[in-house]
Amino acid sequence: MFVKSERIFVFGRASAALPGCLQGALPLAALMALAVAKVQAQSADLPSNPTPNPSSLVNSYYGSVTAQPATDGVLKLGLDDAVQRGLRTNLGLKEAETNEKTFRGEEIEALQYFLPSITVSGGHSVDEFNLAALGFGPGLLTKISGLFPPGAFDHLSFITKADVTTGRVNFDQLLFSGPVFSGYKAVRAAEKSSYFAKMTARGEVVQRVAGAYLAVIAAQSDVENAKALLDADKVLLDQAHAKHEAGTVANLDELRARVQYQQQQQTVLADENKRDKDEILLKREIGIAPGQQIELTDPTPYSELTAMTPEELKTEAYANRQDYQNLQAQQVEAKETLAARKQERLPTLSFKGNYGVTGVTGSVYHGTISAIGTLTVPIFREASLRGDSEVAKAQLLGVNQQFADLHDRIDQQVRSALLDVQASQQLVAVARSNVDLANQALSDETDRFKAGIDDTLPLVQAQATLQSAQSNLVSSLYQFNLAKLALARSAGVLEQQYRSYLGK
């Protein structure tokens, strides 16, 4: 038989699954809330070069799951090894992967609404009945006593007991529900969106790890340059001291050389401190214990990129950008959610039944069957239905606007990244030329000092010029490589092509 009843559908917007109490009490509400749930790691904006911040409390990408404790040996670490370690252990990526697994599990859970639910139940009970209370009292027996032999009811007790055994197979199936069907499609779109969020997180990890690796290389280059200048300053100090002892130069020249030497010692200490801190940050991002000694095996990469036009990069970005595909999935999710809200006006049909046996224990058992069809028809919920529809339309409009904005922002990001690559490449060329000129100037000034033509002041100035030129070259190479990583990220191919972009 069919029973007309009213069921209330509850829709909601959430950033995570509903609490267990709602999932149990309102399964359809839980399904629809899951359908519109968002992955917190999603972001349409690509970050610029990572700003050093060693706190994973502020940014989870600066943390990791430490794979193994520190050892006494030195761990040789290449760029590819660092990237793979980051993809395995980076905390930010682990959180994105956990979100994807959560949505995948809840999508499978939502599938149950389309499958029959079959359960088996059984039990044994001891029952005591009051026949008089059930209508089989003395008055009824008096009326029917003529139908039975005399004395048939002389020993009848109106209080009776019975041991009853039951067993049933229960069946429950949703036959038709427009909101549930569209809601499940929205759930699948949300799960797909979480996948693209995870892939966006992988690109974030590659960019951060590669940037941190390059930062350590740049810091190590600064240390090596500073130490080389320190050695040169030591030689000049010894020469100035010897000439002062011989009386060929004034004490001022020796003091200048000594001040220059001590200032360079300070520079070496500062550069070593910066390198050590950059190494700690790199190790934290890729799951290496902070106390583990490492040695980077890849030198500073440098290669010119093949000329690409903004139109070519945009085409590549639209095809590969995970955040772009993420918003496309969100569009599908919002459209299916709107369809589900519109279909709230449609009837819902379900079937429920059971078959089993019931009887007095040890006696004859009788089969029992139940079949119930439930038709849910919304009679008058106009304000609620229209409100749900308007909310869904607003959400779809918001996603469409974000998608249009991201479409134009990709154009802006690609063009900006390409300009950064071109500008930083020119800066590298200028910085290299400056280093060559500074080296030549220092060599000439060293010869003049040794010949006694000049004192130490021009020599100290030439050394400072060389140090500045070398630092600018290291910084230019570092910025050039970061710009290439940003360009690969804006094109959506960073994880697959970071080696070719860096010239490895």
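Anything mentioned here points back to the structure above.
Residues numbered from 1 in each chain as written. Predicted model: local features only at pLDDT ≥ 70, side-chain atom pairs only at ≥ 80, totals over all residues. Heavy atoms only, no water.

Caption draft 1: View of the overall build of the protein chain. Counting its secondary structure elements, the protein chain contains 12 helices and 7 strands. By the burial criterion, 42% of the 504 residues in the protein chain qualify as buried. Here the protein chain displays about 26200 Å² of accessible surface, and carbon together with sulfur accounts for 57% of that area. (Helix = DSSP H or I, 4+ residues; strand = E, 2+ residues; numbered from the N terminus. Buried < 20%, exposed > 50% of the residue type's maximum accessible area, 1.4 Å probe, protein only. Areas by Shrake-Rupley, 256 points an atom, 1.4 Å probe, with all protein chains shown as cover.)

Caption draft 2: Inspection of a nonpolar patch on the surface at higher detail. A cluster of nonpolar residues, Tyr355, Val357, Tyr365 and Ile369, forms a patch on the protein surface that exposes about 430 Å² of accessible area. Structurally, Val357 can be placed in strand 6 (residues 348–360). (Patch = residues over 30% accessible without salt bridge, like charges linked within 9 Å, V, L, I, M, F, W, Y side chains within 5 Å. Salt bridge = Lys/Arg side-chain N within 4 Å of Asp/Glu carboxyl O.)

Caption draft 3: How the structure looks around helix 4 (residues 91–111). With 21 residues, helix 4 should reach 30 Å at 1.5 Å per residue; the first-to-last C-alpha distance of 30 Å fits that figure. Of the residues making up helix 4, those classed as buried are Gly92, Leu93, Ala96, Glu97, Glu100, Phe103, Glu106, Glu107 and Ala110. Regarding helix 4, its N-cap is Asn90, as a side-chain oxygen of that residue lies 3.0 Å from the backbone nitrogen of Gly92 further along. (Expected span 1.5 Å × (residues − 1). Polar contact = N/O pair within 3.5 Å; in protein donor to acceptor, adjacent residues only side chain to side chain.)

Caption draft 4: Up close: the nonpolar core. Formed by 66 residues in total, the largest nonpolar core has its most connected members in Leu77, Leu282, Leu485 and Tyr498. Top element by residues in this core is helix 6 (residues 178–246). It accounts for 16 residues. Every residue in contact with Leu282, bar those within four places of it in the chain, is listed here: Leu77, Val209, Ala212, Tyr213, Val216, Ile294 and Leu296. Judged by nonpolar contacts, the second largest core, of 5 residues, contains Leu338, Ala392, Leu396 and Val399. (Core = buried A, V, L, I, M, F, W, Y, C linked by side-chain atoms within 4.5 Å. Contact = heavy atoms within 4.5 Å.)

Caption draft 5: The pattern of salt bridges, seen in detail. Scanning all chains against the criterion turns up 27 salt bridges. For Asp323, the salt bridge identified is with Arg321, shortest N-O distance 2.9 Å. With respect to burial, Asp323 and Arg321 carry one shared label: buried. Of the charged contacts in the structure, one is a salt bridge between Asp405 and Arg409, with a shortest N-O distance of 1.7 Å. Placement of the pair is Asp405 and Arg409 together in helix 10 (residues 382–450), with a separation of 4 residues, close to one helical turn. A single network of salt bridges, built from pairs that share partners, joins Glu311, Lys314, Asp411 and Arg415.

Caption draft 6: Quick peek at helix 6. Look at helix 6: 101 Å from first C-alpha to last across 69 residues, which is about the 102 Å you get at 1.5 Å a residue. At the C-terminal side of helix 6, Gly247 shows a positive phi close to 80°.

Caption draft 7: View of the packing of aromatic side chains. Applying the stated criterion across every chain, the model contains 7 aromatic pairs. On the basis of an interplanar angle of 75° and a centroid distance of 5.9 Å, the ring pair of Phe176 and Phe181 is categorised as edge-to-face. A relative accessible area of 28% places Phe181 in the partly exposed class. Connected via pairs of aromatic rings, a cluster forms that spans Phe114, Phe176, Phe181 and Tyr184. (Phe/Tyr/Trp six-rings, centres within 6.5 Å; stacked < 30°, edge-to-face > 60°.)

Caption draft 8: Structural context of the packing of helix 3 (residues 79–89) against helix 12 (residues 494–502). Following both chains from N to C, one finds helix 3 and helix 12 inclined at 160°, their axes separated by 12 Å at the closest point. With respect to helix 12, the element helix 3 is oriented roughly antiparallel. Crossing handedness for the pair helix 3 and helix 12: right-handed. Residue-level inspection shows Leu79, Asp80, Val83 and Leu87 of helix 3 in contact with helix 12, the latter providing Glu495, Tyr498, Arg499 and Leu502. (Axes fitted to C-alpha atoms, helices over the stretch in contact; angles between N-to-C directions. Parallel < 35°, antiparallel > 145°, perpendicular 65-115°, else oblique. Left-handed = near helix turned anticlockwise from the far one by under 90°.)

Caption draft 9: Representation of the environment of Thr446 in the model. Within the element layout of this structure, Thr446 appears in helix 10. Expressed as a C-alpha distance, the spacing of Thr446 and Leu236, which sit 210 residues apart in the sequence, is 8.8 Å. Polar contacts involving the side chain of Thr446 include one to the main-chain carbonyl oxygen of Leu442, which spans 2.7 Å.

Caption draft 10: Summary view of the environment of Gln292. One can find Gln292 in the loop between helix 7 (251–286) and strand 5 (293–296). In sequence terms Gln292 and Asp72 are 220 residues apart; their C-alpha atoms lie 7.5 Å from each other. Leaving out residues up to four positions away in the same chain, Gln292 has contacts with Pro69, Ala70, Thr71, Gly73, Val74, Leu75 and Lys283. Within the structure, the side chain of Gln292 is placed 2.7 Å from the backbone nitrogen of Thr71, a separation counted as a polar contact.

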